[in-house]
Amino acid sequence: MKFTLILSLILVFSCKQPTNKTNVEKENKSIVKEIDKSFIKTTITFPSKDSLPITADIYKNKETPITILLCHQAGYSRGEYKDSAIELTKLGYTVMAIDQRSGKTVNNIDNETAMAARAKGLGDTYLDAKQDIEVAVDYIYNQNGGQKIILVGSSYSSSLALLMGVDNAKIKAVAAFSPGEYFKGIDINKSISTYKKPVFVTSSLSESVAVKTLVNKVATNYLTHFIPEAKGIHGSRALWKTTEGNETYWASFKEFLSSLK
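Residues numbered from 1 in each chain as written. Predicted model: local features only at pLDDT ≥ 70, side-chain atom pairs only at ≥ 80, totals over all residues. Heavy atoms only, no water.

As recorded by an unreviewed UniProt entry, the protein chain carries the name Lysophospholipase and is attributed to Polaribacter sejongensis.

Pasting the structure below:
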C-alpha cells in the first residue's frame, strides 16, 4: 500500500512539472512562422556578368512569381528594403531585393556582393553596378516565365534603372526614388527622353525641382511625378515608417502600381 501511494504521488508530481524549455522555444518558433505566413523570405546568389556572386533576398507571396526588382542606394545593401518589401507582399507581389557591388550596410544587413567584389579586386563604382542590375532583370525574367518586371531604384540605382528601362523589353515600368545626374559622361535627361513605358519618380521635397528638370523630356502620358508636401527624404527611405509623410509616398506609389495591372 505504502509503495503504491508513493508511486502515485511521484507520477502526479511529474505530470505537473513545467514544460521543457526546448519545447517552449519550438512552440515560439512555430508561432513566429504563423505570423509571417503571408510571405516567405529566402536568400539566394547568382552570378553577375563577370561571375561575381550577387546576393539577393526574395520575399515570396504565396505562389506569385517575382515581378518587382528592388535596388538600393549608395553605401547601402538589400537591407534598405527590409520592411518595404514586406509591405509589397501584402499588396500581392513577390519581390527581390539585391546587393549591388557598390554599397555597404544598412539595417544590420551587410552588402555581400560588395564585399565579394572588394575581395576579388573588382570595380565597385556606380556604373560597375549596372551589370548586377541587368543580370538580376534577366534572372527574374527567366524565373517568372517571361513576365515583364517593375524595376525600382533608389538614388544612384534609380538613375541606372531609368537608363535601363528605355530599351530593355523585359522591363515593364520603372520607379525611381531620387534619381539624378550621378554619372560622369552620361546625360540622364537626354538618355531617357524617348520613354514609351510608365515611369514613377519622387524624392525629398528639396530635390523635387532637380528631379522635375531631370525628367522634363519624358512624355507626360508616361510620367508620374510625386512631390511630397512634407520634407521627405532621399531615396526609397521615403517609404520607411520613420520618414515623415511616408504614408503619402506609399499612397502615390500604390496608385502607380495599381495602374500597371
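## Examining the environment of Leu-70
So the rule is basically this: Counting from the N terminus, the helices are the DSSP runs of H or I reaching at least four residues and the strands are the DSSP runs of E reaching at least two. Two residues form a contact once any of their heavy atoms are found within 4.5 Å.
With respect to the element layout, Leu-70 can be found in strand β3 (residues 66-71). A C-alpha to C-alpha distance of 9.1 Å links Leu-70 and Glu-80, two positions 10 residues apart in sequence. Among residues more than four places away in sequence, those in contact with Leu-70 are Tyr-81, Ala-85, Leu-88, Val-95, Met-96, Ala-97, Ile-98 and Val-152.

## Considerations on the pairing of strand β1 (residues 40-47)
Here is the rule we go by: By this definition, two strands are paired if DSSP reports at least two bridges between them.
Bridge count for β1 against strand β2 (residues 53-60) is eight bridges, and the pairing is antiparallel. If you follow Phe-46 over to β2, its bridge partner there is Ile-54. Linking two consecutive strands that pair antiparallel, namely β1 and β2, is a turn of five residues; a positive phi of about 75° is found at Ser-51 within it.

## Quick notes on the packing of aromatic side chains
Formally: Stacked, tilted and edge-to-face pairs are distinguished by plane angle, under 30 degrees for stacked and over 60 for edge-to-face with tilted covering the rest, among Phe, Tyr and Trp rings (Trp via its six-membered ring) whose centres lie within 6.5 Å. Burial classes: relative accessible area under 20% of the type maximum marks a residue as buried, over 50% as exposed, and values in between as partly exposed (1.4 Å probe, protein chains only).
Evaluated as defined, the whole model comprises 11 aromatic pairs. Ring plane angle 70° and centroid distance 6.5 Å describe the contact between Tyr-182 and Phe-183, whose orientation is recorded as edge-to-face. The class for Tyr-182 is partly exposed, based on a relative accessible area of 30%. An aromatic cluster of three or more residues is present, and its members are Phe-177, Phe-200, Trp-250, Phe-253 and Phe-256.

## Examining the pattern of salt bridges
Threshold: One speaks of a salt bridge when a side-chain nitrogen belonging to Lys or Arg is within 4 Å of a carboxyl oxygen belonging to Asp or Glu.
Counting across every chain of the model gives nine salt bridges. The partner of Arg-101 in a salt bridge is Asp-50, and the shortest N-O contact between them spans 2.8 Å. Taken together, the residues Arg-101 in the loop between β4 (94-98) and β5 (105-106) and Asp-50 in the loop between β1 and β2 connect sequence positions 51 residues apart. On the accessibility criterion, Arg-101 (1% relative accessible area) is buried. Between Asp-99 and Arg-78 there is a salt bridge whose closest N-O contact spans 2.6 Å. With Asp-99 in the loop between β4 and β5 and Arg-78 in the loop between β3 and α3 (84-90), the pair connects residues that are 21 residues apart, well separated along the chain. Given a relative accessible area of 9%, Arg-78 falls into the buried group. Each of Lys-41, Asp-57, Arg-78 and Asp-99 takes part in one network of salt bridges that share partners.

## A short note on the sheet that holds β3
Filter applied, for reference: Every axis corresponds to a line fitted to the C-alpha atoms, with the helix fit spanning only the stretch in contact, and the corresponding angles, defined between N-to-C directions, vary from 0 to 180 degrees.
The sheet built from eight strands is open, its strands ordered β1-β2-β4-β3-β7-β8-β9-β10 with mixed pairing. In this open sheet, the two edge strands, each paired with only one partner strand, are β1 and β10 (223-226). Taken pair by pair, the neighbouring strands of this sheet meet at an average axis angle of 20°, ignoring direction. Looking at chain direction, strand β9 (residues 199-202) and β10 are connected through four bridges and run parallel. Paired with Val-199 across the bridge in β10 is Leu-223.

## Comments concerning the nonpolar core
Put simply, the rule is: Joining through side-chain atoms within 4.5 Å is the link that ties buried Ala, Val, Leu, Ile, Met, Phe, Trp, Tyr and Cys residues into a set, and such a set is a nonpolar core.
By size, the foremost hydrophobic cluster in this structure holds 38 residues, and its most contacted members are Phe-46, Leu-69, Met-96, Ile-98 and Leu-151. Top element by residues in this core is helix α6 (residues 156-165). It accounts for six residues. Beyond its immediate chain neighbours, meaning those up to four positions away, Leu-151 contacts Leu-69, Cys-71, Ile-133, Ala-161, Met-164, Ile-171, Ala-173, Val-174 and Ala-175. Counting 25 residues, the second-largest nonpolar core is a separate cluster that includes Tyr-93, Val-152, Ala-173 and Phe-253.

## Observations concerning the environment of Ala-175
Counting through the fold element by element, Ala-175 comes out in strand β8 (residues 171-177). If we skip the residues at most four places from it in the chain, Ala-175 touches Leu-151, Val-152, Gly-153, Phe-200 and Phe-253.

## Description of unusual backbone geometry
Even without glycine at this site, Ser-51 takes up a positive phi of about 75°. With respect to the helices, strands and loops of the structure, Ser-51 is situated in the loop between β1 and β2. Judged by its relative accessible area of 57%, Ser-51 is exposed. Phi at Ser-155 is positive, roughly 60°, even though this residue is not glycine.

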